[in-house]
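A look at the structure
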Amino acid sequence: MKKVYWLILLIFFSAFIFKSYLTMTKVPLHDFDEANRTEGARNMKNYSSYLAPLTGSPFLRNIDLFVEAKDNPLLKIYYHLERPPLYFLSMVFSSSIIGDNEFSYRLPSFVFGLMAFVVLATATSGAVLPVLTLATSSDWWLSSQSALMDTSLTLFLFVALAFLLGFIQRKRNSLLVLSGVSLGLAILSKGQPAVIFAFPLLFTLFTKKVSFRQASILLASAGAVIAPWAIAVITKFGFDNFIGTFLGFAKNRSTVGDTTQLAPVYWYVRWFIESFRLGFLLFLTLVVTDFVEKRFSYRKILILFYFIFSLALFSLSKNKVWWYVLPLVPVAALYIHESVLGIIKIDKNKLFNLSLIVLLLSLPLFYGSSNTVALSYAVFLVGLSFMVMRLKIKLKNLYVNILFMVAIVFSLFIFYLRFPTIAPTYPEVKTMGEYYQKLPQPKCLYLQSMPYEAMLYYSRAEEVNYLDENTRLIKGCNSYLITPDKIDDTNTFHNEDSLNLYKIDKISP
């Protein structure tokens, strides 16, 4: 029956991949991180500078680290040392082969996302249930469709964990080296968030499963991967610039609140209930079951320690964005595998109980509801699932397998109906940006009351600034303003749906 289960998974996977392809080719880049990463990669290629992304973003500018814009020397493009280059380089590679378009920049993230399924299936010896939970994670598919660094970060952190678990079981130093190399690649993928790997590593040290010498092998391997980039950046930009930017960015993101990203401490739990319901609630159900039945192995405790402390770290941070917790999704799936493996070994009929739970958790109820309703429903589901898990039911294997197959199909079909797609803030930003490209140089672009990232990419303006009463227009530039606002005292130069383009020569009061 396992082959039948995998056939069902592959059929739905094909549908998910096709849906993702349509989104990746037809939907304009989303604002915020996706468009910002894309612009950074494009400039790395255009300026043949591969140590750090470059953008003309109005934020996170180090005024000492810039190059003059090629098309308009009055403008500046700034180096962003807060992010390492690995994922950007993958976008440079992809766009060099496929071309400068949305799909080419999104493709690396999608490939990393699909690779995680392969790693999870390999780490669980082809178990269906953990792969099913990852396959029905909205976060996972949305991140994979987007030009974001988080799927590569997640993949390499997960591989590092898998090799660390393998070392604990087999005691081969080569596995420590591979774990360290993967950790180094995770750090080169996104940098600071890879710090969560400290939790499982410290746990193995405290429990004496890994000695300090062995931990040093792992960390030295990671350092060997990171060192060439770090040395090159310090040589070019200076130690103070590198450390001040790289570490200062992490400090500010965790301690200085951004009004657009402030959320209560339970926000990530609430988000998992929405976007990772099957996996998260099944994970909680199995944790409760293992606790009540006192069935914790060392591997399960290590995985649980990693998940809980990482979630706590992200939850205590002032700023919260859904993709920050993406590395925890395959970790939860791995715990599900470890727990189910122990349960099935004792009683194969428990697959029937698990099938009922999958059906229950896959019901498309209370999505998009209030926090109170969603959290209450989640508590109810975990409690009910725990009671179902405790039921003692004996059936013929054929009936158990049929029900599990039905549960898989039902879960994947419901997810297919609500498969996530990228939804840009202003879809018309692409056509407005293409119109701006045709305007003669020298020109300078200003924005008001809208995100800047997608417009920066589609306009090819190279540098953008926000317009307010403190803005000083750049002399010698034809100044243009793009905004969804209506400006009464200025004639509209061009219009695209809700966006307006104005030519300006002064700052209106």
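Just above, that's the structure.
Please read these numbers as outputs of a predicted model, since none were measured by experiment.

For the rest of this paragraph, the subject is the side chain of Asn36. Tracing the backbone shows Asn36 in helix H2 (residues 33-46). Using a relative accessible area of 17% as the deciding quantity, one classes Asn36 as buried. Apart from residues lying up to four places away in sequence, Asn36 is in contact with Thr55, Ser57, Tyr452 and Glu453.

Quick look at helix H18 (residues 397-417) now. With 21 residues, H18 ought to run about 30 Å at 1.5 Å a step, and its terminal C-alpha atoms sit 30 Å apart, in line with that. Its buried side turned inward, H18 meets helix H1 (2-26), helix H5 (128-135), helix H6 (138-145), helix H13 (277-292) and helix H16 (350-361).

This next bit is on the sheet that holds strand S6 (residues 478-483). Strands pair in a sheet through their backbones, by hydrogen bonds, and they do so in one of two ways: parallel or antiparallel. Taken together, the five strands give an open sheet; going across it, the order is S5-S4-S6-S8-S7, and neighbouring strands pair in mixed fashion. Edge positions in the open sheet fall to strand S5 (464-466) and strand S7 (494-496), since each of these has one partner strand only. Strand-to-strand twist of the sheet, defined as the mean angle between neighbouring strand axes without regard to direction, takes the value 25°. Note that S6 and strand S8 (residues 499-504) share five bridges and pair antiparallel. The residue bridging Ser479 from the neighbouring strand is Ile504, located in S8.

So, about a nonpolar patch on the surface. The grouping of Val288, Phe291, Val292, Phe296 and Ile301 at the surface amounts to a nonpolar patch, some 420 Å² of accessible area in total. Residue contributions to the nonpolar patch peak at three residues, all from H13. On the basis of relative accessible area, Ile301 is assigned to the partly exposed category, the value being 34%.

Within the structure shown, the criterion is met by one disulfide. Note that Cys444 is cross-linked by a disulfide to Cys477, the S-S spacing being 2.0 Å. A torsion of 65° about the S-S bond marks the disulfide between Cys444 and Cys477 as right-handed. A residue pair is termed long-range when its members are at least 10 positions apart, and Cys444 in strand S4 (residues 443-447) and Cys477 in the loop between S5 and S6 qualify at 33 residues. A residue is classified by how much of its surface remains accessible, and Cys444, at 1% relative accessible area, is buried.

Right, let's get into the sheet that holds strand S2 (residues 66-68). If you trace the three strands from one edge of the open sheet to the other, you get S1-S3-S2, paired in antiparallel fashion. The open sheet is flanked by strand S1 (54-55) and S2, the only strands paired with a single partner. Bridge count for S2 against strand S3 (residues 76-79) is three bridges, and the pairing is antiparallel. Of the residues in S3, the one forming a bridge with Glu68 is Lys76.

Basis of the calculations
- Chains are numbered independently. Their residues run from 1 in the order of the written sequence.
- With the structure being a predicted model, the display of local features is reserved for residues of pLDDT at least 70 and the display and counting of side-chain atom pairs for 80 or more, all residues being used for whole-chain, interface and lining totals.
- The side-chain quantities take in all heavy atoms of the structure and omit both hydrogens and water.
- Helical segments are the DSSP runs of H or I of at least four residues, strand segments are the runs of E of at least two, and each set is numbered from the N terminus.
- Remark: exposure states derive from per-residue accessible area (1.4 Å probe, protein chains only) relative to the maximum for the residue type, with buried under 20%, exposed over 50%, and partly exposed in between.
- Any two residues whose heavy atoms approach within 4.5 Å are treated as being in contact.
- For a helix, the expected span equals 1.5 Å multiplied by the residue count minus one.
- Note: two strands are recorded as paired if DSSP finds a minimum of 2 bridges between them.
- Axis angles are defined between N-to-C directions and span 0 to 180 degrees, where every axis is a line fitted to C-alpha atoms and, for a helix, only to the segment in contact.
- Exposure above 30% relative accessible area and no salt bridge define the residues that can form patches, which grow by joining like charges within 9 Å and nonpolar side chains of Val, Leu, Ile, Met, Phe, Trp and Tyr within 5 Å.
- Residue burial considers only the protein chains on display, and all accessible areas are found by Shrake-Rupley using a 1.4 Å probe.
- By salt bridge we mean one thing: a side-chain nitrogen of Lys or Arg within 4 Å of a carboxyl oxygen of Asp or Glu.
- Two cysteine sulfur atoms make up a disulfide if the distance between them is within 2.5 Å.

Honestly, that's just the spatial picture; any functional story needs more than this.
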